[in-house]
Amino acid sequence: MKRFVYLILCCLFAYKAVGQSSYLSYNQDYYHLVDRLEIRQGHWATGFHSTVKPYTRQSIVRLVDSMAVNLQYPLSRTDYFNLDYLRDDSWEATQPDVLPGPADSTSLAFTRMKPITNRVGNSDRPLLNRFYQKKADFYSLQTDDFDLHVNPVFYYNYSKEDVTSDQLYTNTRGLEVRGSIGKKLGFYTFFSDNQAIFPQYIREYGAIYGRGDDGFAPGEGLAKRTRNSLTNGADFLSARGHITFNVLKIINVQFGHDRNFFGNGYRSLLLSDNSAPYTFLKLTTSFGRNIQYTNLFTEFQNTQNTSGGNELLPQKFAAIHHLSINI
């Protein structure tokens, strides 16, 4: 399998790559906004198939721009706010000749009569004139050959469970980096260090499907118990990333360590995103606007195996093929 993947990568890199943006990591709330806009426009989007996630940032901006310039769609002010949000978040994929929205507001999506320039997503109050120059990026750098976006990740919550009177919390610190090289190769990486005490029903699930006396964190591969909470707490690292490029106009390649989603709804019986990240190679071939064929080659790990010492976790390989046709 490893030799097969290596051979495919070597063959694909032999072709001349064309422009490509990174994929937007799957997030239920974020993708709900995108799917809602596709439903509101009344026909399928041209840049992606909603049954295969994640989407590229280019395809999301393409949907946003097509809706913003067409006044026949009955959009609310909330929809226009979401258009602004999605466009600002992927400002590097915007085009300077788009004229979105009706002229009754100063926001981007409402400024129909003013051409959009490279000032899309600019922050009104940059920090030290260097950081947060863009609303969605702590630090960004864009040249003809290089595009970089860097964001720190901080998340903390605290609560108390009535059933057990346990104090619950999540503490996350990390870094997210994305960008492109030469407008040919897109890349994305996310890394975080986490400590958490989860609700009782999650701990009971972990006691059944976890790794014995080790800690358990849903959606993560490996975890250990926190030092100050030998019975409830979990300490774990989260790492995801990928590279992506187009070998032909209709063929996109993504290689990385992340999650994928095939299907519809909050969960899918085909391939859901509730598992731990895994190594994969994905080929996406688009035949016009209505047909998309996806090949996914993966390497999973059985984290329920209790073998210790220097033994590696057992591996399982899978080849998944998905054909999507928008009728």
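Here goes a summary of the coordinates provided.

## Regarding empty space enclosed by the protein
- Within the structure shown, the criterion is met by one cavity of 30 Å³ or more.
- Roughly 40 Å³ of internal volume is contained in the largest cavity.
- In terms of lining, the largest cavity is formed by Tyr23, Ser25, Tyr26, Pro54, His242, Gln254, Asp258, Arg259 and Phe280.
- Of the residues that constitute the lining of the largest cavity, the class distribution is four nonpolar, three polar and two charged.

## Quick look at the nonpolar core
- With 19 residues, the main nonpolar core has Tyr30, Val34, Leu37, Ile60, Leu63, Leu83 and Leu86 as its most contacted residues.
- At the level of secondary structure, the elements contributing two or more residues to this core comprise α2 (28–41), α3 (57–68) and α4 (77–89).
- Ranked by residues supplied to this core, first place goes to α3 with five residues.
- With near-sequence residues (within four places) excluded, Leu63 lies in contact with Val34, Leu37, Glu38, Gln41, Ala45 and Phe48.
- In this structure, Ala196, Phe198, Ala223 and Ala234 belong to the second largest nonpolar core, which totals seven residues.

## With respect to the packing of α3 against α4
- Their axes nearest at 9 Å, the elements α3 and α4 cross at an angle of 145°. Note that α3 runs across α4; the crossing there is left-handed. Residues Arg57, Ile60, Val64, Asp65 and Ala68 of α3 form the contact with α4, whose participating residues are Leu83, Leu86, Arg87 and Asp89.
- Of the residues belonging to the contact of α3 with α4, the class tally is five nonpolar, no polar and four charged.

Definitions and limits used
- Residues numbered from 1 in each chain as written.
- Predicted model: local features only at pLDDT ≥ 70, side-chain atom pairs only at ≥ 80, totals over all residues.
- Heavy atoms only, no water.
- 1 Å grid on protein atoms, 1.4 Å probe; cavity = no way out; pocket = protein on both sides within 12 Å on 5 of 7 lines; lining within 4 Å.
- Points joined across faces, edges and corners; volume = space filled by probe spheres on them.
- Nonpolar A, V, L, I, M, F, W, Y, C, P; charged D, E, K, R; others polar.
- Core = buried A, V, L, I, M, F, W, Y, C linked by side-chain atoms within 4.5 Å.
- Buried < 20%, exposed > 50% of the residue type's maximum accessible area, 1.4 Å probe, protein only.
- Helix = DSSP H or I, 4+ residues; strand = E, 2+ residues; numbered from the N terminus.
- Contact = heavy atoms within 4.5 Å.
- Axes fitted to C-alpha atoms, helices over the stretch in contact; angles between N-to-C directions.
- Left-handed = near helix turned anticlockwise from the far one by under 90°.

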